Structures are given as structure tokens and as C-alpha cells.
Amino acid sequence: MKSGIHPETRPVVFRDTATGDAFLTHSTLDSDQRIEWEDGATYPLIDVEISSASHPFYTGKGRVVDTEGRVERFERKYGSYRGSGRGENA
């Protein structure tokens, strides 16, 4: 690895503002905010709006998106291509 061209990494605490969960990892980010971690050391604190602690994909608590009727609403609004000869075989 070439020296002097890579940004400095440091331990940083990321806190999920939605759940309050925090995790310590390495990052190139820095912050004026500081937090005392479980090990007694003080680290930069970065607040994030969403993380694996609150994202529906990771938590399994995702909203079910109602897709039924969306195609019909689209066709009513913009018209249907069915039977118009513009399909894959056209």
C-alpha cells in the first residue's frame, strides 16, 4: 500500500438516533462531539438517522407495501399497452 495517500482511520462511535443504539468501529470521519465508551475511553460521536438497529431490512419489522392495484392505477392514469402491439413481440 502506498504511504501518505490514504486517509487516517480512527475509532469512532456511531449512534442511531431512531433507537439510541451505538456501536464502535473504525472510520475516516471525525466529529466535534465526543462520547465516553464502555471501555472508559472517549471517541468521536457520529449521529446517523438509520443503521442496522433500525432499518426494516435488518430488524424484520418492515412495512408491507401494498402493491395490489398499483398496476391498475398506473394503467388508468397513463393507459394500457396491452393489445396495442407495443409489447415484447411488437
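Just above, that's the structure.
Throughout what follows, the structure given in this document is the object of discussion. (Residues numbered from 1 in each chain as written. Predicted model: local features only at pLDDT ≥ 70, side-chain atom pairs only at ≥ 80, totals over all residues. Heavy atoms only, no water.)

**Description of the sheet that holds strand β2 (residues 22–27)**
Line of reasoning, step 1. Taken in spatial order, the four strands make up an open sheet running β2-β1-β4-β3, and their pairing is mixed. Lying at the two open borders of the sheet, with one neighbouring strand each, are β2 and β3 (34–36). Sheet twist, expressed as the average angle between the axes of neighbouring strands with direction ignored, equals 45°.
Line of reasoning, step 2. Looking at chain direction, strand β1 (residues 10–16) and strand β4 (residues 42–48) are connected through four bridges and run parallel. Looking at the pairing, Phe-14 lines up with Ile-46 of β4. (Pairing = 2+ DSSP bridges. Helix = DSSP H or I, 4+ residues; strand = E, 2+ residues; numbered from the N terminus. Axes fitted to C-alpha atoms, helices over the stretch in contact; angles between N-to-C directions.)

**A look at the side chain of Ser-51**
Line of reasoning, step 1. Here Ser-51 shows up in the loop between β4 and α1 (56–59).
Line of reasoning, step 2. Residue class for Ser-51 comes out buried when judged on its relative accessible area of 10%.
Line of reasoning, step 3. Polar contacts involving the side chain of Ser-51 include one to the side chain of Asp-16, which spans 2.7 Å.
Line of reasoning, step 4. Aside from chain neighbours lying at most four places away, what touches Ser-51 is Asp-16 and Phe-23. (Buried < 20%, exposed > 50% of the residue type's maximum accessible area, 1.4 Å probe, protein only. Polar contact = N/O pair within 3.5 Å; in protein donor to acceptor, adjacent residues only side chain to side chain. Contact = heavy atoms within 4.5 Å.)

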